[in-house]
Amino acid sequence: MPGMTFAVVNPATEETIAQLDEAGVEETDTAVARATEAFPAWRAVAPLDRARLLRRLATLVEEHAEELARIESQNVGKPIGGARAEVAMVAQVFHFYAGAVDKHHGQTIPVAGGVDMTFREPLGVVGLIVPWNFPLNISSWKLGPALACGNTVVLKPAELTPLSALRLAELVLQAGIPEGVVNVVTGPGRVVGQRLVEHHDIAKIGFTGSTEVGRSVMQGAAGTIKRVTLELGGKSANVIFADADLEQAAASAPYAVFDNAGQDCCARSRILVERSVYDRFVELLVGATRKVMVGDPQDEASEMGPLISAQHREKVASFVDGQPLFRGDVPDGPGFWFPCTLVEASNDDRVAREEVFGPVAALIPFADEEEAIRVANDTPYGLSGSIWTENGARALRVARALESGVISVNSNTSVRPSTPFGGFKQSGFGRELGMYALDGYSELKNVFMATS
Ligand code: TXE
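Residues numbered from 1 in each chain as written. Predicted model: local features only at pLDDT ≥ 70, side-chain atom pairs only at ≥ 80, totals over all residues. Heavy atoms only, no water.

K.L.:
How should the overall build of the chain be read in this particular structure?
P.N.:
Within the chain, the regular secondary structure consists of 15 helices and 18 strands. For a compact globule of 452 residues, the expected C-alpha radius of gyration is about 22 Å, and the chain comes in at 23 Å, within 12% of that figure. Along the longest, intermediate and shortest principal axes, the C-alpha atoms of the chain span 70 × 60 × 40 Å. By the burial criterion, 57% of the 452 residues in the chain qualify as buried. Sequence separation of at least 24 residues holds for 73% of the intrachain contacts in the chain that already meet a minimum separation of 6. (Helix = DSSP H or I, 4+ residues; strand = E, 2+ residues; numbered from the N terminus. Rg over C-alpha atoms; globule rule 2.2 N^0.38 Å. Buried < 20%, exposed > 50% of the residue type's maximum accessible area, 1.4 Å probe, protein only. Contact = heavy atoms within 4.5 Å.)

K.L.:
Can you walk me through the site of the ligand in this structure?
P.N.:
What surrounds the ligand is a group of 27 residues, the closest being Val130, Trp132, Glu159, Ser210 and Leu232. Within the side chain of Asn133, an N or O atom sits 3.1 Å from an oxygen atom of the ligand. Within the side chain of Lys156, one N or O atom sits 2.9 Å away from an oxygen atom of the ligand. Burial of the ligand by the protein chains amounts to 85% of its free accessible area of 800 Å². Mapping the ligand onto the cavity grids shows that it belongs to the largest pocket. Broken down by element, the shell around the ligand gets its largest block of residues, four residues, from helix α7 (residues 189-198). Tallied by class, the residues present in the shell around the ligand amount to eleven nonpolar, ten polar and six charged. (Near = heavy atom within 4 Å. Polar contact = N/O pair within 3.5 Å; in protein donor to acceptor, adjacent residues only side chain to side chain. Areas by Shrake-Rupley, 256 points an atom, 1.4 Å probe, with all protein chains shown as cover. 1 Å grid on protein atoms, 1.4 Å probe; cavity = no way out; pocket = protein on both sides within 12 Å on 5 of 7 lines; lining within 4 Å. Sits in = over half its atoms within 2 Å of the grid points. Nonpolar A, V, L, I, M, F, W, Y, C, P; charged D, E, K, R; others polar.)

K.L.:
I tried to follow the packing of aromatic side chains on my own but got confused; where do I start?
P.N.:
How two aromatic rings sit relative to each other is set out by the distance from centre to centre and by the angle between their planes. For the structure on display, the rule yields four aromatic pairs. An angle of 75 degrees between the planes, with centres 5.4 Å apart, marks the rings of Trp141 and Phe421 as edge-to-face. Remark: Phe421 occurs in the loop between β16 (406-409) and β17 (428-429) and Trp141 occurs in helix α5 (residues 135-148); sequence separation between them is 280 residues. Summarising the burial analysis for this pair, Trp141 and Phe421 share the class buried. Seen from their ring centres, Phe241 and Phe366 are 5.4 Å apart, and the 75 degrees between their planes marks the pair as edge-to-face. With Phe241 in the loop between β10 (237-240) and α9 (246-258) and Phe366 in strand β14 (residues 360-366), the pair connects residues that are 125 residues apart, well separated along the chain. Taking relative accessible area as the criterion, Phe241 reaches 0% and is therefore assigned buried. Assessed through its relative accessible area of 1%, Phe366 is described here as buried. Here Arg350 stacks its cationic end above the ring of Phe319, 3.8 Å away from the centre of that ring. (Phe/Tyr/Trp six-rings, centres within 6.5 Å; stacked < 30°, edge-to-face > 60°. Lys NZ or Arg CZ within 6 Å of the ring centre and 35° of its normal.)

K.L.:
Please explain the sheet that holds strand β18 (residues 442-450) as it appears in this structure.
P.N.:
Pairing between sheet strands relies on hydrogen bonds along the backbone, with the strands arranged either parallel or antiparallel. The three strands lie next to each other as β3-β4-β18, forming an open sheet whose pairing is antiparallel. Looking at which strands have only one partner, the edges of the open sheet turn out to be β3 (108-109) and β18. Inspection of the sheet shows strand β4 (residues 114-122) paired to β18 by nine bridges, in the antiparallel sense. The residue bridging Glu121 from the neighbouring strand is Glu443, located in β18. (Pairing = 2+ DSSP bridges.)

K.L.:
Got a minute to help me understand the environment of Ala450 in this structure?
P.N.:
Tracing the backbone through its elements, the reader meets Ala450 in strand β18. Separated by 337 residues in sequence, Ala450 and Gly113 place their C-alpha atoms 5.8 Å apart. With sequence-adjacent residues up to four places away left out, Ala450 is seen in contact with Gly113 and Gly114.

K.L.:
Is there a simple way to think about the nonpolar core in this case?
P.N.:
One broad trend across soluble globular proteins is that nonpolar side chains are buried collectively. Ranked by internal contacts, the top residues of the largest apolar core, which has 57 residues, are Leu57, Val61, Phe94 and Leu143. The greatest single-element share of this core, amounting to eleven residues, is contributed by helix α4 (residues 80-100). (Core = buried A, V, L, I, M, F, W, Y, C linked by side-chain atoms within 4.5 Å.)

K.L.:
Honestly, the environment of Pro131 in this entry has me stumped. Any pointers?
P.N.:
Position of Pro131 relative to the elements: it lies in the loop between β5 (125-129) and α5. A relative accessible area of 14% places Pro131 in the buried class. Spatially, the C-alpha atoms of Pro131 and Thr161 are 8.1 Å apart, while their sequence positions differ by 30 residues. Excluding residues that lie within four positions of it along the chain, Pro131 makes contacts with Ile138, Ala158, Thr161, Thr208 and Gly209.

K.L.:
In this structure, what is going on with the layout of surface pockets? I would like to understand it.
P.N.:
Approximately 1,100 Å³ is the volume attributed to the largest pocket. Looking at the lining of the largest pocket, the elements that each hand over two or more residues are α7, β8 (204-208), α8 (211-222) and α11 (310-317). Per-element accounting of the lining of the largest pocket gives the leading share, six residues, to α8. In this model, the second largest pocket occupies a volume close to 700 Å³. Along its surface, the second largest pocket is lined by 30 residues, and Glu86, Phe134, Asp259, Asp264 and Val415 are the ones closest to its centre. Among the elements of the structure, α4, α5 and α9 are those that each provide at least two residues to the lining of the second largest pocket. (Points joined across faces, edges and corners; volume = space filled by probe spheres on them.)

K.L.:
Where do I start with the pairing of strand β15 (residues 384-388) in this structure?
P.N.:
Across a regular strand the side chains alternate sides, sitting on one face of the sheet and then on the other. In terms of burial, β15 is a largely internal element, five of the five residues being buried. Judged by which residues are buried, β15 turns out to be covered on both faces: Ser384, Ser386 and Trp388 on one side and Gly385 and Ile387 on the other are all buried. Summarising the sheet, β10 and β15 pair through four bridges and their orientation is parallel. Residue Asn238 lies in a different strand from β15, and its bridge partner there is Ser386. One crossover worth recording links β15 to the parallel β16 by way of helix α14 (residues 392-401), and it is right-handed. (Right-handed = clockwise from strand over helix to strand, strands pointing away.)

K.L.:
Sorry, what's going on with unusual backbone geometry here?
P.N.:
When glycine is set aside, most residues are seen to have a negative phi, and most peptide bonds are trans. One non-glycine residue, Asn260, adopts positive backbone phi at about 55 degrees. Residue classification places Asn260 among the buried residues on the basis of a relative accessible area of 11%. One non-glycine residue, Leu433, lies in the positive phi region at around 65 degrees. Inspection of the secondary structure puts Leu433 in the loop between β17 and α15 (436-439). For Leu433, a relative accessible area of 0% gives the class buried.

Remember, this is a structural readout, not a statement about activity or role.
Here it is as C-alpha cells:
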C-alpha cells in the first residue's frame with residue numbers, strides 16, 4: 001500500500017532489523033500480472049536449460065550459505081547451527097528439482113484405434129504462501145517443483161520473516177532465471193494472501209500455515225476451483241515402547257520438540273511412553289532436556305532460541321498452568337524467550353490436543369501397543385510421528401496403523417529432499433518434496449491420436 005511500511009524484528013533482541021514497504025491488493029495484482037506475462041516464455045524454456053538455471057540457483061545458495069543463514073537466524077531467532085543446516089537443505093532441494101525437470105514423464109497407454117499419451121503441463125501462475133517458522137526452507141519446497149514444472153510464481157512470505165525470501169529473489173535473478181518468473185510480495189496474509197487465493201489468474205495455492213487459515217484458503221479457492229496444497233498443523237506422537245533403546249530415545253526426544261523452539265509442524269509434542277518404563281524414561285528425559293543449550297542464536301553452542309514474537313509467547317504460556325514436571329532456564333534481558341517445558345498430561349488435556357507451537361512437551365503413559373495406537377491417532381491432526389522399539393515387526397505394524405503422513409522409526413527426522421512430506425486428516429493434503437511434489441504443480445493431460 002503506497003506509503004505504508006512495516007517493521008521486521010529480531011526476536012532474540014527485540015530490535016528492528018528492517019523496515020519494508022507493505023504491499024496491498026494493488027501490488028499483489030501487479031506481481032500476478034508480471035508472473036502472467038513471464039509464463040509463456042518460461043514454460044517454453046527447454047527442459048535441460050530450465051534444469052541448468054535451477055542448478056545455478058542451487059549453487060548460488062551454496063555460495064551465499066553463510067549470509068542466508070545469518071539472515072534467517074536474525075529474523076527467526078534460530079540458532080546459527082540450525083540455520084546453516086536449513087540453508088544447506090534449500091540448496092539440496094534446488095539441486096533435486098534441477099535433476100527432476102526431465103524426469104517427470106508422461107506415459108503411453110495401450111488403447112484401440114490409435115495412440116494415447118499423457119503430458120504434464122504447467123499450471124500457470126502459482127501463489128505460494130509461507131509461514132514464519134522455516135521461511136527459506138518451506139519456500140524452496142514450493143519453488144523447486146513449481147519452477148521445475150514450468151510455472152511462474154508469486155511468493156508471499158510471512159509478515160514476520162520476509163528477509164530471506166527477498167534475498168533469495170535476488171539470487172534467482174543472478175542465476176539467470178528471467179524477470180517475472182519469481183515475484184515476492186511482502187504484506188499481510190489477510191490482504192496479500194487472501195488476494196492470491198481469490199485471484200482469477202492464480203491457478204494454484206501452495207500453502208503452509210495454521211489449520212485455521214488453511215481452511216479459509218480452501219474456502220477462498222473454491223470460487224475459482226483453484227488447486228490447493230495444504231501443509232497445516234500437527235500434534236505428532238513420539239511413541240516409546242518398553243523394548244526401545246531408552247537412552248537413545250530419551251537423548252533424542254528433546255530435540256524432536258524443542259528444535260526451532262517447538263515452532264515446527266512436525267514437533268513430536270506428545271511423548272507416549274509404555275507404563276512399565278515410564279518412570280525410568282522420565283528420569284532420562286529430564287536429564288536430556290536439562291542439557292538443551294538455550295541462548296543467543298548467534299552463539300555457535302546454542303541449540304534453542306526465542307519464540308517468534310511476544311504475542312506468540314503469550315499463546316504458548318497459556319498451555320502451561322501449575323507446576324510443570326520440568327522447566328528449563330532462559331536468558332535474562334530482551335527476547336521472546338520461553339523455557340523447555342515438560343508436563344504430564346492425559347490425551348484429553350488442551351496441551352495434548354492443540355498445537356502449542358512452542359517448547360512444551362506432554363508426557364502421556366500407555367499400557368500396550370493397542371492403546372498406544374489409539375491414543376496416537378486420537379487427534380484431528382496427522383502429520384508426522386516416531387516409533388521407538390527394537391522389535392522390527394512391531395515397528396512396521398505400528399507405522400502402518402498410525403494415521404500420519406510421515407513416520408520415523410528409531411529416529412525423529414521427517415524431511416528429506418527426495419521423500420514425500422505431507423499430512424493426513426486436518427494436517428492437510430498434497431505432498432511436498434520428492435517427485436510427488438511435481439504432481440501438485442502440473443496438470444495431467446491426456447491426448448488420443450487416431451492412427452486408423
Ligand atoms: O500462521 P498463519 P501464524 C500454526 C501454529 C501457530 C499458528 C499461528 O500453531 O501458532 O499457526 O501462526 C498467511 N489468506 N502454524 O499466525 O496465520 C500468513 O501471512 C491467505 C503451523 O503465523 O496460518 C502467512 O504467510 N494467507 C504451521 C501464512 O499464511 C493468509 C506454520 C501462515 O500464517 C491469511 C505456521 C489469509 N486469510 C503456523 N492469513 C506449520 N504447520 O508449520 C494469514 N495468511
